[in-house]
Every structure is written in structure tokens, then in C-alpha cells.
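Secondary and tertiary structure notes
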Amino acid sequence: MRFRKTALVIVSSFVLALGVSACEKKAEEQTTATEVTESADNATQPDGVFFTYNGTNIAMGAKWDDVKSGLGSEAKPSEKIEPCDGGDYIQIIHYYQGMEVTTLRDETVIGISLSNDSDGDVAVMGKAKKGDKTEDVKAALGDPVSEDEYSLNYEYGNYNLMIYIENGVVTGSMCMAAPE
């Protein structure tokens, strides 16, 4: 009987420790999402990452209400992605012809992705466009932090910018908040 009580105490302590650890992890992830939002707000400065689409500049960290009206009609309804842990950092993906814009709680732009069917007039940082040669992108944006035959990778503050390359020519790009 005494062994059973001791085992029960040990198992209960272990379960409690796992629960506390899971709660700490959840709180840490929520803090990370908040930090992304806060650092995204700082990226609206002129040297922040931005894309130009349909004549509208979309800065990483921009307020969604400030840019959405200039983008035109959405190609399909937006998609809501809720976190699996019940946190409040809900992401909304807005779909446009050749572009997806990801927002945090439909408030702040945290991701932009241009596909290879985007308009050739869409520019990254006002300089790199679909159809540009790899050398031209490097001349415009500088040396990437890493590269391979399929992409050029840049880091700007809390954001990762990837320029997709095929046969030495830009086919698309993506920018997302960097993981913490």
C-alpha cells in the first residue's frame, strides 16, 4: 500500500511538471507572436522590407487597413489559420492574383509571397522584379546571406526575404517574419 502511494505521488509530480512545462511553452510561443507584431511595427520605416503590387507599397509590419484598399479585388476568399494551442496569434491569408499577404489577426502584415504568375510590375524593395537576372537582383539588393541555384536569401531585421530563381531569372519571392 505504501509503495502504491509513493508511486502515485511520483506519477502525479511528473504529470504536474509536464503540465507546467507545456504552459510555459505556450506562454513562450504567445510572447514570440507578440514580439513579431511589435518588431513588425518597426519595419514600416523606409528601410523596411516592402513589395509594390498594383501600384501600392506593402511594407512588412504595415497596418492591413492602410494597404488593403490599394490592392484591388481578392482572387479568392481569405483563409483564417488558428494556432493549434489556442493562442491569439491568428493568421489570415489574403489571396490576390499572383500574391498572398499574411496578416496577424488581420491587423499587421507579417508575410508576403509572390508566385511565378504574378505581374512582372510587382517589385521587391522597389528594385527586384520577376524576370530580372540573378546578377541584377544582387546589384540592386546586395549580396544575399545565402544562395543556391534556386534562391537568394536575405535578412532584414526580423524578416527573411527569399527571391526564387529558375535558370538565373527571378520567378517569385517571399518574405516572412523570421522565427525566434
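First things first, this report covers the structure right here in the doc. (Residues numbered from 1 in each chain as written. Predicted model: local features only at pLDDT ≥ 70, side-chain atom pairs only at ≥ 80, totals over all residues. Heavy atoms only, no water.)

Observations regarding the overall build of the protein chain
A tally of regular secondary structure across the protein chain gives three helices and 12 strands. Considering the protein chain as a whole, with its 180 residues, one finds that 36% of them fall into the buried category. Pairs at least 24 residues apart make up 39% of the contacts formed inside the protein chain by residues separated by at least 6 positions. In the form shown here, the protein chain has an accessible surface area of approximately 10,600 Å², with 52% of it arising from carbon and sulfur atoms. (Helix = DSSP H or I, 4+ residues; strand = E, 2+ residues; numbered from the N terminus. Buried < 20%, exposed > 50% of the residue type's maximum accessible area, 1.4 Å probe, protein only. Contact = heavy atoms within 4.5 Å. Areas by Shrake-Rupley, 256 points an atom, 1.4 Å probe, with all protein chains shown as cover.)

Quick word on the packing of aromatic side chains
Using the criterion set out here, one finds two aromatic pairs in the structure. It is Lys76 that lies over the ring of Tyr95; its NZ or CZ is 4.3 Å from the centre. (Phe/Tyr/Trp six-rings, centres within 6.5 Å; stacked < 30°, edge-to-face > 60°. Lys NZ or Arg CZ within 6 Å of the ring centre and 35° of its normal.)

Considerations on the sheet that holds strand S3 (residues 76-81)
Spatially, S3-S4-S5-S6-S12-S11-S10-S9 is the arrangement adopted by the eight strands of the open sheet, whose pairing is antiparallel. The outermost strands of the open sheet, each flanked by one partner alone, are S3 and strand S9 (146-148). Between one strand axis and the next, the sheet turns through 20° on average, direction left out of account. Bridge count between strand S11 (residues 159-166) and strand S12 (residues 169-177): eight bridges; the pairing is antiparallel. By the bridge assignment for S12, Ile163 is matched with Ser173. (Pairing = 2+ DSSP bridges. Axes fitted to C-alpha atoms, helices over the stretch in contact; angles between N-to-C directions.)

Points about the environment of Pro83
With respect to the helices and strands, the residue Pro83 is situated in the loop between S3 and strand S4 (91-96). For Pro83, the residues in contact, after removing those within four places along its chain, are Tyr89 and Ile90.

Section: unusual backbone geometry
Its identity as a non-glycine residue notwithstanding, Asn54 has a phi of 55°, on the positive side. On the basis of relative accessible area, Asn54 is assigned to the exposed category, the value being 52%. The phi angle at Asn167 is positive, at roughly 55°, despite the residue not being glycine. Structurally, Asn167 can be placed in the loop between S11 and S12.

A look at the pattern of salt bridges
Using the criterion set out here, one finds four salt bridges in the structure. Ionic pairing is found between Lys68 and Asp65, a salt bridge with its closest N-O pair at 3.2 Å. Judged by relative accessible area, Lys68 falls into the partly exposed class, the value being 35%. With a closest N to O distance of 3.8 Å, Glu82 and Lys80 form a salt bridge. Of the two residues, Glu82 and Lys80, both sit in the exposed class. (Salt bridge = Lys/Arg side-chain N within 4 Å of Asp/Glu carboxyl O.)

Let's talk about the pairing of S11
What you see with S11 is a clean split: Tyr159, Leu161, Ile163 and Ile165 sit on the buried side and Asn160, Met162, Tyr164 and Glu166 on the side with no burial. In terms of strand pairing, strand S10 (residues 151-156) meets S11 through six bridges, oriented antiparallel. For Glu155, the partnering residue across the bridge sits in S11 and is Asn160. Counted along the chain from S10 to the antiparallel partner S11, the turn is two residues long, and its residue Gly157 has a positive phi close to 60°. Hairpin remark: S11 followed by S12, antiparallel, with two residues in the connecting loop; positive phi at Asn167, about 55°.

Focus on the pairing of strand S2 (residues 56-59)
Where strand S1 (residues 50-53) and S2 come together, four bridges link them in antiparallel fashion. Following the sheet pairing, Thr52 is matched in S2 by Asn57.

Some points on helix H3 (residues 134-141)
When H3 is considered as a whole, its buried residues turn out to be Thr134, Val137 and Leu141. Buried positions in H3, seen along its axis, are confined to an arc of 60° and lie on one side of it. Summarising the geometry of H3, the exposed residues directed more than 90 degrees from the buried face are Glu135 and Ala139. At its buried positions, H3 is contacted by strand S7 (123-124), strand S8 (128-129), S10, S11 and S12. (Arc of directions from axis to C-beta.)

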